[in-house]
Structure formats: C-alpha cells, structure tokens
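Listed below, chain by chain, are the residues.
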Amino acid sequence: GAGVSQSPSNKVTEKGKDVELRCDPISGHTALYWYRQSLGQGLEFLIYFQGNSAPDKSGLPSDRFSAERTGGSVSTLTIQRTQQEDSAVYLCASSLGPSFGEKLFFGSGTQLSVL
Amino acid sequence: AQKVTQAQTEISVVEKEDVTLDCVYETRDTTYYLFWYKQPPSGELVFLIRRNSFDEQNEISGRYSWNFQKSTSSFNFTITASQVVDSAVYFCALSEAAGANSKLTFGKGITLSVRP
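The rules behind the values
Residues numbered from 1 in each chain as written. Chains lettered and ligands numbered in written order. Predicted model: local features only at pLDDT ≥ 70, side-chain atom pairs only at ≥ 80, totals over all residues. Heavy atoms only, no water. 1 Å grid on protein atoms, 1.4 Å probe; cavity = no way out; pocket = protein on both sides within 12 Å on 5 of 7 lines; lining within 4 Å. Points joined across faces, edges and corners; volume = space filled by probe spheres on them. Helix = DSSP H or I, 4+ residues; strand = E, 2+ residues; numbered from the N terminus. Pairing = 2+ DSSP bridges. Axes fitted to C-alpha atoms, helices over the stretch in contact; angles between N-to-C directions. Salt bridge = Lys/Arg side-chain N within 4 Å of Asp/Glu carboxyl O. Buried < 20%, exposed > 50% of the residue type's maximum accessible area, 1.4 Å probe, protein only.

Some thoughts on the layout of surface pockets
Here comes step 1: One number sums up the size of the largest pocket: a volume of about 500 Å³.
Here comes step 2: Lining the largest pocket we find 28 residues, and of these Gln-37, Ser-38 and Leu-39 of chain A together with Gln-39 and Val-89 of chain B sit closest to its centre.
Here comes step 3: Examining the composition of the lining of the largest pocket, we find that three residues originate from one element, strand S8 (residues 88-95) of chain A, more than from any other.
Here comes step 4: Empty space within the second largest pocket amounts to approximately 160 Å³.
Here comes step 5: Lining the second largest pocket are Gln-41, Leu-43, Glu-44 and Phe-45 of chain A together with Lys-103, Leu-104, Thr-105 and Phe-106 of chain B.
Here comes step 6: Where the lining of the second largest pocket is concerned, the elements lending two or more residues are strand S5 (42-50) of chain A together with strand S11 (105-106) of chain B.
Here comes step 7: No other element matches S5 of chain A, which puts three residues into the lining of the second largest pocket.

Printed below as a string of structure tokens:
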C-alpha cells in the first residue's frame with residue numbers, strides 16, 4: 001500500500017478483555033516495529049520484526065503482550081486481560097530494511113481505551 | 001544506554017515568530033543517527049530529517065534548520081517564521097549502531113502551538 005495502515009483506529013474495551021491490533025506495513029518493507037505512546041511519555045519501543053529472524057521482544061512490558069507477523073507482512077499485536085494502564089496509542093512503523101539508521105514510516109496508530 | 005531529552009514540553013508562539021526546539025542526547029556509541037519527526041493532530045509521525053554522527057554540518061530546508069553539535073550532544077531544530085500549520089508534537093530520536101536494528105529511542109516530544 002501507499003503507507004502503513006493500522007486498524008482499528010479506535011478501540012474501546014473493558015478491563016480484562018483481550019484485544020488485537022493490526023498493522024499492514026508498506027509493501028516491500030522487511031522491518032516492522034510496534035511502539036506505544038502514552039500521554040506525556042513519548043514513544044516506547046515494544047517489539048521489532050525483521051524478515052524471518054526471531055523478533056526483538058525486549059520492549060514488551062509484560063507477558064500479556066504478544067505479537068506475530070505472518071508471511072513477513074501483516075502484524076498483529078495482542079494484549080490479553082487488558083488493564084487500564086494499557087490505554088495508549090499503539091503505533092506501527094516499517095522500514096525498508098534492517099540497516100542501521102533506516103528511516104521509519106509510521107501509521108496513524110490505534111487509540112486503545114480500557115474502561 | 002541511550003537517552004534523548006527534550007526539556008521543553010510545550011511552546012506557544014505567535015505566527016511569524018522563530019522558534020527553537022531543543023534536543024539533548026546521551027550515547028556511548030561513536031556511531032549513531034539522530035532524527036526529528038513531526039506528529040500533527042492526525043497522529044501519523046512524519047519524518048523531517050536524519051543526521052549521522054560523522055556529519056556535523058548544519059542543514060537548512062526552507063523554513064526549517066537543524067544545528068548538530070557533538071560537543072554538547074545537542075541536535076536542535078529551528079523553525080523560522082512559524083506558521084499555524086507547524087502546530088504539532090515534535091520528537092527527537094536516536095538510533096545507535098550498536099543496536100541490532102534501526103530501533104529508535106525517542107524523547108518525550110515538544111508540543112508546539114502556533115497562534116494566528
């Protein structure tokens with residue numbers, strides 16, 4: 001596609017429910033990132049995928065968070081048993097390759113609200 | 001560990017004023033990249049500039065200019081003759097060569113409001 005696409009754009013859920021957030025990167029981009037943007041906290045790295053390599057999960061805040069990337073393209077971020085502190089904007093980004101210094105292209109994000 | 005500090009949280013200016021957004025970084029790596037991104041109300045971060053650690057030349061692009069000083073670990077961004085459309089959140093970010101990927105470490109962002 002022309003840009004990074006994320007869905008849904010907004011998600012409201014009840015505490016304790018599971019949610020899935022989807023990211024469709026730019027066609028041809030091999031690297032995919034998930035970031036979380038909380039109010040006043042900047043952007044927090046969550047997870048990184050590159051081709052068929054094992055993902056870098058070093059930023060995932062707890063074992064309730066997981067992500068997968070199927071066929072080297074679309075990625076899904078899953079949050080199980082959501083908590084109110086999970087409320088944030090979840091941003092996906094992709095880049096052409098894993099090379100150091102690559103420019104990241106971001107989607108518009110999913111605004112998650114946990115009630 | 002790498003760190004990016006944007007000490008200013010909110011700036012408000014009147015249209016046509018010049019404004020400088022500060023960014024200070026910390027890294028033990030000698031090879032790194034610095035970035036600025038703009039996040040308008042639509043939410044999508046837009047790339048503005050990338051500078052590698054070996055290139056200290058300042059850059060000017062239209063009304064935008066960047067001042068990179070390794071001696072003070074700063075990468076400041078100036079908007080000349082600001083316009084209402086410049087209102088956004090601006091993020092400074094760092095990518096280290098020592099990292100296994102292009103993971104960016106972001107500052108907390110500066111909210112710029114330009115009033116007509």
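Here's the deal with the sheet that holds strand S1 (residues 5-7) of chain A
Residues and elements named next belong to chain A.
Here comes step 1: The four strands lie next to each other as S1-S3-S7-S6, forming an open sheet whose pairing is antiparallel. Each edge of the open sheet is held by one strand with a lone partner, namely S1 and strand S6 (65-69). Mean inter-strand twist for the sheet, computed between neighbouring axes without regard to direction, equals 15°.
Here comes step 2: As judged from the five bridges shared by S6 and strand S7 (residues 75-79), these two strands associate in the antiparallel manner. Bridge pairing in S7 links Phe-65 to Ile-79.

Some details on the pattern of salt bridges
Here comes step 1: Going through the model one piece at a time under the given rule, you end up with five salt bridges over all chains.
Here comes step 2: Notably, a salt bridge pairs Asp-86 of chain A with Arg-64 of chain A, separated by 2.8 Å at the nearest N-O pair. Taken as a pair, Asp-86 of chain A in the loop between S7 and S8 and Arg-64 of chain A in the loop between S5 and S6 lie far apart in primary sequence, 22 residues in all.
Here comes step 3: Given a relative accessible area of 2%, Asp-86 of chain A falls into the buried group.
Here comes step 4: On the accessibility criterion, Arg-64 of chain A (13% relative accessible area) is buried.
Here comes step 5: Here Arg-51 of chain B and Glu-59 of chain B are joined by a salt bridge, their closest N and O atoms 2.7 Å apart.
Here comes step 6: A relative accessible area of 6% places Arg-51 of chain B in the buried class.
Here comes step 7: With relative accessibility at 32%, the residue Glu-59 of chain B sits in the partly exposed group.

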